[in-house]
Amino acid sequence: MDAASEPGTLSGATSRRRFIAGTGSLLGGLALAGRATPAGARSGPRAASAAPLTDGARVAALVIGTGYGGSVAALRLAEAGVDVHMAEMGMAWDTPGPDGKIFANTTSPDYRSYWLRTRTKQPLSNFLGFPIDKAVPRHTGILDAEEFGGITVYQGRGVGGGSLVNGGMAVTPRRENFAAVLPTVDAAEMYGTYYPRANAGLGVNTVDPDWFETTECYQYARVGREHARRSGFPFVFVPDVYDWDHMEREQAGTAPRSALAGEILYGNNHGKKTLQQTYLARAKATGRVTVSPLHKVTTVAPAAGGGYRVTIDQIDTEGNTVATKEVTADRVFFAAGSVGTSKLLVKLRATGALPRLNDEVGTGWGDNGNVMCGRANHMWDATGALQSSIPTAGIDNWAAGGAFAEVAPLPTGIETYASFYLSITKNPHRARFTWNAAAGRAELDWQTAWKQPSIDAAKTIFDKINAKEGTIYRTDLFGAYKIWGDHLTYHPLGGAVLGRATDNYGRLQGYPGLYVIDGALIPGNTSVNPFVTITALAERNIEKIVATDL
Ligand code: FAE
């Protein structure tokens, strides 16, 4: 495969380290900042926005959720002179626990690790066939393993959303695949303006290939590359928001270890640029953005005097409601993530709060084709006892086999001779959210068997590698004698698809002033890891909304 032709896109093995500081972002930011305050925007004294959400308040813009879509919306609205309140159901994640650290380590989950569970639900549930989940105190922890009938959907909870728990892999899809990702969006605009703006805003950078060649902590990735090469598969470096200079210092012993200490799923104490350090920091610096953690939006309905009445439960760290607040918002941005936004919208349509939402709401949900597997290598193919938790490369067989496989770490601290992969695959199945009135909850009709096309696609890579290397699949990671991690997704997408549930910029049909601006807009698959696309689409949509709606 040839080297990247787009900044931040899947890059060839010859790529050099670079900060993707696209001028598109800088210019875009300045252009917005330089706008006259739009008519109708609330542009009163900045101090007015410093107060947290209070019962009975009237706000110009309410953003539900603080992940990628919400953070982009908040920043750009604030730059345009609009006061923004963000309601986030998770915690602030700005205070150290008793061990002096904000986040728990992946190897020792505790009360900080899971969202209101009494037992961990680790994506790799077993090791050497033995279950490894354990009891934890019920707490508003950082990782939600939300269980639906046929699938467990992992999501970040807290100020920063998924950026708190994810691997930071910041991938722009290949342009030739873009039409399948967002068919109604102008690709030239996305690749010329919004992907560069998103990459710059997120602080995306790439590993130094010289360092990669020799460093101990990526031996597992070099083994993955060698196996891909011998079987004739393209191997590509993947950009990330982890600060690679910090990682090099971790390896050199001159910086505290985070990626090299196995931190990832329950947060990184160092090194990773989450939204707290990027978009949200810039949003807060405008003085117009207030974030209320532990505030969960439950209802949105038209308000008598115009705008929308939003009901919000303030919760404590055990999940109990301690106060219920009602605020009125001129505009509401649904940025609760694919699952959060979809669940809210199907409930609001079914319960009569927003009855004019169309039939497309709740549909088009997909898992980005996620499926995991491990391979047992020969003793001469050691993958290393020290493994960086941040993946840096993948095997690209999308065009031929419908699979892009991250070469993922298995950071156990011991030599396992295992190669581990998270594959993103071309899975055609799409599920639907519906409101179960009797049970009082939203349900998703995904079926476990729908992962079969993903397994088939992943096998186009790993059956071939196993045959070439004379190796076998690991059967001990997802249960006893179970090869495929086909029970989960890290990449929920869809449920309020662009151009179907909304117009081509995320405006919800039937309700002026209501917008969707998160992963719910994307119809189930991005062909790569999704957050750069979510961010770039949010940049595109909010620019249009600021220009025409305010
Ligand atoms: P998201 O970031 O999920 O933010 C939604 C926010 O809304 C959350 O903070 C929720 O707590 C909050 N919320 C939900 N409901 C409510 C409510 N009713 N009231 C108030 N707040 C609410 O949404 N993607 C990549 O591109 N690269 C990776 O390397 C990668 N690794 C991942 C690893 C893991 C373990 C996980 C779980 C995900 C990973 N992802 C990765 C996926 C990525 O984090 C995800 O696509 C984005 O975070 C989705 O962004 P949204 O803005 O849609």
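1. Re the overall build of the chain
Looking only at helices and strands, the chain features twelve helices and 20 strands. Computed over C-alpha atoms, the radius of gyration of the chain comes to 22 Å, within 12% of the 24 Å expected from 2.2 N^0.38 for 550 residues, which places it in the range of a compact globule. A principal-axis box enclosing the C-alpha atoms of the chain has dimensions of 70 × 50 × 45 Å. Taking all 550 residues of the chain together, the buried fraction comes to 62%. Sequence separation of at least 24 residues holds for 73% of the intrachain contacts in the chain that already meet a minimum separation of 6. Only carbon and sulfur atoms are counted for the fraction: they give 54% of the accessible area of the chain, which is about 19100 Å².

2. Topic: the nonpolar core
Core analysis: the biggest nonpolar cluster contains 94 residues, and Leu-77, Val-300, Phe-333 and Phe-334 have the highest contact counts within it. With nine residues, helix α12 (residues 531-548) is the single largest residue contributor to this core.

3. Comments concerning the sheet that holds strand β6 (residues 151-156)
Read from one edge to the other, the open sheet built from three strands follows the order β5-β6-β19, with strand pairing classed as mixed. Strand pairing shows two members of the sheet lacking a second neighbour, β5 (143-148) and β19 (488-489), which therefore form its edges. Looking at chain direction, β6 and β19 are connected through two bridges and run parallel. In the sheet register, Val-153 faces β19, and the bridge partner there is Thr-489.

4. Observations regarding the pattern of salt bridges
Any two side chains of opposite charge can pair, given that their charged atoms come close. A complete count under the given rule lists 29 salt bridges for this structure. One salt bridge connects Arg-500 with Glu-360, and the closest N-O pair in it is separated by 3.2 Å. Of this pair, Arg-500 sits in the loop between β19 and β20 (514-516) while Glu-360 sits in the loop between α9 (337-350) and β12 (371-376), and the two are 140 residues apart along the sequence. The salt bridge involving Asp-549 is made with Arg-507; its shortest N-O contact spans 2.9 Å. A residue pair is termed long-range when its members are at least 10 positions apart, and Asp-549 in the segment after α12 and Arg-507 in the loop between β19 and β20 qualify at 42 residues. Among the residues examined, Arg-507 registers a relative accessible area of 21% and is labelled partly exposed. One continuous salt-bridge network, built from bridges that share partners, spans Glu-226, Arg-229, Arg-230, Asp-381 and Glu-469.

5. Let's talk about the packing of helix α4 (residues 187-202) against α12
As a packed pair, α4 and α12 sit with axes 8 Å apart at the nearest point and diverge in direction by 115 degrees. By the angle between their directions, the pair α4 and α12 is classed as roughly perpendicular. Along this stretch, α4 crosses α12, giving a crossing that reads as right-handed. Contacts between α4 and α12 involve Glu-189, Met-190, Tyr-194, Tyr-195, Arg-197, Ala-198, Asn-199 and Leu-202 from the former and Phe-531, Val-532, Thr-533, Thr-535, Ala-536, Leu-537, Glu-539, Arg-540 and Glu-543 from the latter. Within the contact of α4 with α12, the residues separate by chemical class into nine nonpolar, three polar and five charged.

6. Quick look at the site of the ligand
The environment of the ligand is made up of 37 residues, and the closest members are Glu-88, Gly-162, Met-169, Gly-519 and Phe-531. One of the side-chain N or O atoms of Glu-88 is found 2.7 Å from an oxygen atom in the ligand. Within the contact set of the ligand, an oxygen atom lies 2.8 Å away from a backbone nitrogen or oxygen of Phe-531. Breaking the shell around the ligand down by element, the ones donating at least two residues are α2 (68-79), β6, β9 (295-302), α9 and α12.

7. Description of the confidence of the model for the chain
Interpreting fine coordinate detail is not advised for predicted regions of low pLDDT. On average, residues of the chain score 91 in pLDDT, and 91% of them reach the 70 mark or higher. The least confident element of the chain is helix α1 (residues 23-33), whose mean pLDDT is 24; the most confident is β20, at 99. The low-confidence segment residues 1-50 (pLDDT under 50) makes 106 contacts with residues lying over four places distant or belonging to another chain.

8. Digging into the sheet that holds strand β15 (residues 418-425)
On the basis of which strands lie adjacent, the open sheet formed by six strands has the order β7-β13-β14-β15-β12-β18 and antiparallel pairing. For this open sheet the edge positions go to β7 (235-237) and β18 (472-473), each flanked by a neighbour on one side alone. Pairing of strand β13 (residues 393-397) with strand β14 (residues 403-408), which is carried by four bridges, proceeds in the antiparallel orientation. Bridging across to β14, Asp-396 finds its partner in Phe-404. Contacts from helix α11 (residues 452-469) reach β12, β13, β14, β15 and β18, with the element oriented near 10 degrees to β12.

9. Comments concerning the packing of aromatic side chains
With the rule as written, the count across this model stands at 21 aromatic pairs. Between Tyr-114 and Tyr-266, the aromatic rings sit 5.4 Å apart at their centres with planes inclined by 65 degrees, giving edge-to-face as the arrangement. A residue pair is termed long-range when its members are at least 10 positions apart, and Tyr-114 in the loop between β2 (84-87) and β3 (126-127) and Tyr-266 in the loop between α7 (244-252) and α8 (279-285) qualify at 152 residues. Note on accessibility: Tyr-114 and Tyr-266 belong to one class, buried.

10. Things to note about the side chain of Asn-268
Note on placement: Asn-268 falls in the loop between α7 and α8. Looking at Asn-268, its side chain comes within polar contact range of the side chain of Ser-258, at 3.0 Å. Look past the residues within four positions of Asn-268 in its chain and what remains in contact with it is Phe-103, Leu-164, Tyr-242, Ser-258, Ala-259 and Glu-263.

11. Topic: α11
Taking 1.5 Å per residue, 18 residues should reach 26 Å; α11 reaches 24 Å between its end C-alpha atoms and fits that length. Taking the largest bend as the criterion, α11 deviates by roughly 40 degrees, centred on Lys-459. Taken together, the buried positions of α11 are Ser-454, Ile-455, Ala-457, Ala-458, Ile-461, Phe-462, Ile-465, Asn-466 and Glu-469.

12. Remarks on the environment of Gly-510
Relative to the elements of secondary structure, Gly-510 occurs in the loop between β19 and β20. Relative accessible area serves as the criterion here: at 36%, Gly-510 is assigned to the partly exposed category. Considering only alpha carbons, one finds Gly-510 and Asn-358, 152 residues apart in sequence, at a separation of 7.8 Å.

13. What about the pairing of β5?
Buried residues dominate β5, accounting for five of its six residues. Inspection of the sheet shows β5 paired to β6 by six bridges, in the antiparallel sense. Looking across to β6, one finds that Asp-144 is bridged to Gln-155. What sits between the antiparallel neighbours β5 and β6 is a turn of two residues.

14. Focus: unusual backbone geometry
The backbone phi angle of Tyr-417 is positive, close to 55 degrees, even though this residue is not glycine. Here Tyr-417 is to be found in the loop between β14 and β15.

15. Brief notes about the pairing of strand β8 (residues 289-292)
Burial along β8 is two-sided: Val-289 and Val-291 facing one way and Thr-290 and Ser-292 facing the other are all buried. Two elements, β2 and β8, share four bridges in a ladder whose sense is parallel. Bridge pairing in β8 links His-85 to Thr-290.

Rules used throughout
Residues numbered from 1 in each chain as written. Predicted model: local features only at pLDDT ≥ 70, side-chain atom pairs only at ≥ 80, totals over all residues. Heavy atoms only, no water. Helix = DSSP H or I, 4+ residues; strand = E, 2+ residues; numbered from the N terminus. Rg over C-alpha atoms; globule rule 2.2 N^0.38 Å. Buried < 20%, exposed > 50% of the residue type's maximum accessible area, 1.4 Å probe, protein only. Contact = heavy atoms within 4.5 Å. Areas by Shrake-Rupley, 256 points an atom, 1.4 Å probe, with all protein chains shown as cover. Core = buried A, V, L, I, M, F, W, Y, C linked by side-chain atoms within 4.5 Å. Pairing = 2+ DSSP bridges. Salt bridge = Lys/Arg side-chain N within 4 Å of Asp/Glu carboxyl O. Axes fitted to C-alpha atoms, helices over the stretch in contact; angles between N-to-C directions. Parallel < 35°, antiparallel > 145°, perpendicular 65-115°, else oblique. Left-handed = near helix turned anticlockwise from the far one by under 90°. Nonpolar A, V, L, I, M, F, W, Y, C, P; charged D, E, K, R; others polar. Near = heavy atom within 4 Å. Polar contact = N/O pair within 3.5 Å; in protein donor to acceptor, adjacent residues only side chain to side chain. pLDDT = per-residue confidence, 0-100. Phe/Tyr/Trp six-rings, centres within 6.5 Å; stacked < 30°, edge-to-face > 60°. Expected span 1.5 Å × (residues − 1). Bend = angle between axes of the 7 residues up to and from the residue.

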